[in-house]
Amino acid sequence: MLDITLIVPFTHTKNKINSVAIQILEKLCDEMHLQRRTIDIANEFIDCKTEMGEWFWKWVGEKLESNPSPLYAITTMNASFPWAARICEMIKKTNPSATVILGGPHVTALKEDIFKATSHVDYLCLYEAEAAFPDLVRYLRAERGEMPRNVIARKQAPVAPFKTTEKPQVSIGELPNQYYQRFTNLKIVDVEVGRGCPYDCYFCSSRELLGRTIRYKPIDQIINESNQVFSMLDGDRRFCLNYAHDNFLANKKYFSEFCAQKKLKKADFYYGCGARIDLIDYDILNQLISSGCKYLFIGVETGSARIQKICRKNLRLDTIIPKVKTLTNHGIFVEANFIMGFPEESLEDLHETIKLMIHLGSLSSRVNINFSFMSPERSTDIAKNTRIGDHILVEHTDYVKTLRKAGFNIEKEMNSIFNNHLYTIRHAQYDIIEKIHKGWDYVEFLHRYPFCSYFIAREMPNRVTNLFESMGDGQLDRILLQFFSAEQVENSTDIGYQMVRYEILLNNKSYFDKPVYRTFRYDIQNLYRKFLLNHDTLDMNALASEKRWHISLSGQ
C-alpha cells in the first residue's frame, strides 16, 4: 500500500512545467523509504488536449480513488489555490481518514487563515518544506514525539499564530538533486539554484517567504545537475534550463565564479534566469554571453520614476533601453514584465509605463513584453495597506473563464483574502478595469504587430498614449487603420506606411484573397521578413531614398 500521495494541482500555464517543490518532496520521501506516487494534474491536463469543463472533477476523482493512501501532500501557489482547496475536499469525501498536508508559498503567506478558506486540510507546512516535511511525516507516523515548529495543525485549540521569528532557513547546499525523468520532452526545465532576495519592493512577497539573505547551491552542484538535466532533454526540442532564483545575479562574485567554473569544466548547457536589470554592467554582460545565457526575465514594473521610488523598485529608467538593446544584440532573449494599477499611480504615470513598453518591445524580436495587474499578495506591504472593500474582481481573464468552466462560483466561493490572484485594487485616479482591458489589447498589439510598434515608437512617439487609450474592444485591425488613417495607409508610397499596411493585412487573413493583397511586390514581403529577424536592418531614411523600394499603386 502507498504511504503518501503527492499532488500538483491545476495551474493556468498553457505549457508543461516541472514543479520543483514536488520534485524535492519526491526525493525526501525516497530518502525516508516511503512508498509514494505523484499526481501531476497540471501537466496531465495539458496532455488531455481538451477544453476545461465540469468533467474535470470526475477525471480528478478517478485519479484520487484509483490508489488511495493515508497521507496526501499538496503544494499550492496563489493561482492554484482554488483547485488545491477543491482537491482537499474531494480527498476527504472519498477517504475521510486520510491526513491532508498543504504547503507552498500561498500557505506560508496566509498561515492559519487557510483554515478559514477550507475545512478539509489537517496540517499546514510553512516556509521551506525541507526543514519540516520529513519531521512532520515522522510525527504523523508516530516516529517522532513532537510536531515540528513550522507546522500548524487544525486540531490545535485554539490555533496558535505562527511566530515568524522562528522561521527556519535550510542550507540550500544540502538540498538533494531532483528527479527530472518525467520532463525530458520540455523545451525549458526549471532547476532550483538558490533562494532569497535582498531587495525590498513593496508589492513582492519574496523577502517574507524566503528571506532577504541570498543563498545559492554550491557551484559544482549547479553545474553537475545542469549538465545532467540538459543532456536528458530531447535534443530537437530543448532550448535552455531556467534557473529558479529570485535574483541569480544578486551576488556578482558568486556569478563570476559560476561562469569561470562552467567554462573550466567545458559545460555547454544553455540557461536562463531572473535578474534586476540594474545589476548588469559591462563585466556581467560579457559573462552572461560567454557562459551560455539565452534568456533573462526582468521586472521593470513601471515607466514612472515617481512610482519606481514609491514601490521601492528604484530602477534607473534611462539605463533600461540601452542595456536591453545590448543584451538582445548579443542573442539573449529578454522578457520584461510591467505592472498596471499601483494605487499611487496617476494617469500620467501609467502613460509613462505604456511608452516604455512600446520602446522596449520594438527594440528587437528578442524582447517579449508582459504586464500584470496589481493584485496584492497577503504578506506584502501593499496588501497590508489595502482595504478589503477596495478589492475588485477582474472578469474576462483566462483564469476566471477557466474557473467558471470548471463549475466554480467565484462570487460565493472565493474571498479576495484567500484568492488574491483574481482581484485588483479599486483605483482613485482612473478606472482600473477599463485600463486593464486596454492593457490586454496593447500587449497583443506589441506581440502581433512588431513593425507597427517599431514605426510608432520611432516616427510618432507622441501619439503612443492616444493609441493605448483607443484600445479596449479587441478590434486591433480597425483601431490601427483609424490610428494611421486608412487613406494614408492605402495611398502612401512611403516605405513605412507600406510596411504598416502589409502587416495589418498579414494579421487579417480574410484580406489575403483580395486584390489589394496581391498588389504587394516581393520587395515588401522580403523586407518584412528581414525586419522580423533583425529590426536594425531597416533604415527608414536610407530606404526612402532608394527608388527601387517605392511601390506603384496603379491598377488598384
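Structure shown above.
Now for a quick tour of the structure. Here the residue index of a chain counts from 1 through its sequence in written order. In keeping with the predicted nature of the model, local features appear solely for residues at pLDDT of at least 70, side-chain atom pairs appear and are counted solely at 80 or more, and the whole-chain, interface and lining totals rest on all residues. Water and hydrogen atoms play no part in the side-chain values, which are based on all heavy atoms of the structure.

Right, let's get into the pairing of strand 4 (residues 99-103). Exposure classes here rest on a 1.4 Å probe applied to the protein chains alone. A residue is buried below 20% of its type maximum, exposed above 50%, and partly exposed in between. Working definition: helices are DSSP H or I runs of at least four residues, strands are E runs of at least two. Numbering for both runs from the N terminus. Taken across its five residues, strand 4 has five buried, putting it largely inside the fold. Burial of strand 4 is two-sided: the residues Thr99, Ile101 and Gly103 facing one way and the residues Val100 and Leu102 facing the other way are all buried. Between any two strands, pairing holds if DSSP finds at least two bridges. Relative to strand 4, strand 3 (residues 71-75) runs parallel, the two sharing five bridges. Residue pairing for strand 4: Ile74 is matched across the bridge by Leu102. A clockwise course of the path from the first strand over the helix to the second, judged with the strands pointing away from the viewer, identifies a crossover as right-handed. As a crossover connection, the stretch from strand 3 through helix 4 (residues 81-94) into strand 4 is right-handed. Across three bridges, strand 4 lies against strand 5 (residues 123-125) in parallel orientation. Paired with Ile101 across the bridge in strand 5 is Tyr123.

This paragraph deals with the sheet that holds strand 1 (residues 4-8). Pairing is mixed in the open sheet, where six strands are placed in the order 2-1-3-4-5-6. Every interior strand has two partners, whereas the edge strands, strand 2 (36-40) and strand 6 (151-153), have only one. Averaged over all pairs of adjacent strands, the angle between strand axes in this sheet comes to 20°, irrespective of strand direction. In the sheet, strand 1 pairs with strand 3 via three bridges, with the strands oriented parallel. Pairing of Ile7 across the sheet is with Ile74, part of strand 3. It only takes one pair of heavy atoms within 4.5 Å for two residues to be counted as in contact. Note on geometry: axes are C-alpha line fits, over the in-contact stretch for helices, and angles between N-to-C directions span 0 to 180 degrees. Taken strand by strand, helix 3 (residues 55-66) contacts strand 1, strand 2 and strand 3, and its axis lies near 175° from that of strand 2. Its contacts with the sheet put helix 4 on strand 1, strand 3 and strand 4, and the angle it makes with strand 4 is roughly 170°.

Further remarks concern helix 2 (residues 41-48). Regarding helix 2, the residues found buried are Ile41, Ala42, Asn43 and Phe45. Those residues of helix 2 hidden inside the fold are in contact with strand 1, strand 2, helix 3 and helix 4.

Note on placement: Thr386 falls in the loop between helix 15 (381-384) and strand 15 (391-393). Residues adjacent in sequence count toward polar contacts only when both atoms are side-chain atoms; beyond that, a polar contact is any pair of N or O atoms within 3.5 Å, and within protein one must be able to donate a hydrogen and the other to accept it. Only 2.6 Å separates the side chain of Thr386 from the backbone oxygen of Ile382, close enough to count as a polar contact. Apart from the residues lying within four places of it in its own chain, the contact partners of Thr386 are His391 and Ile425.

Right, let's talk about the layout of surface pockets for a bit. Cavities and pockets were defined on a 1 Å grid built from protein atoms only: a cavity is a group of points that admits a 1.4 Å probe but offers it no way out, a pocket is an open group of points flanked by protein on both sides within 12 Å along at least five of seven lines, and a lining residue is one with an atom within 4 Å of any such point. Grid points are joined across faces, edges and corners, and a volume is the space filled by probe spheres set on the points. Taken as a whole, the second largest pocket holds about 270 Å³ of empty space. If you go around the second largest pocket, you meet 16 residues; those closest to its centre are Ala85, Arg86, Ala117, Thr118 and Glu413. Within the residue set of the lining of the second largest pocket, elements represented by two or more residues are helix 4 and helix 6 (114-117). A total of five residues in the lining of the second largest pocket trace back to one element, the largest contributor, which is helix 4. Looking at the lining of the second largest pocket, its residues break down into seven nonpolar, five polar and four charged. By the convention adopted, Pro, Cys, Tyr, Trp, Phe, Met, Ile, Leu, Val and Ala count as nonpolar, Lys, Arg, Asp and Glu as charged, and the other residues, Gly among them, as polar.

Its identity is not glycine, yet His33 carries a phi of approximately 60°, on the positive side. Looking at the element boundaries, His33 is found in the loop between helix 1 (20-31) and strand 2. One non-glycine residue with positive phi stands out, namely Tyr127, at about 60°. Tracing the backbone shows Tyr127 in the loop between strand 5 and helix 7 (133-140). On the basis of relative accessibility, which here comes to 8%, the residue Tyr127 falls in the buried class.

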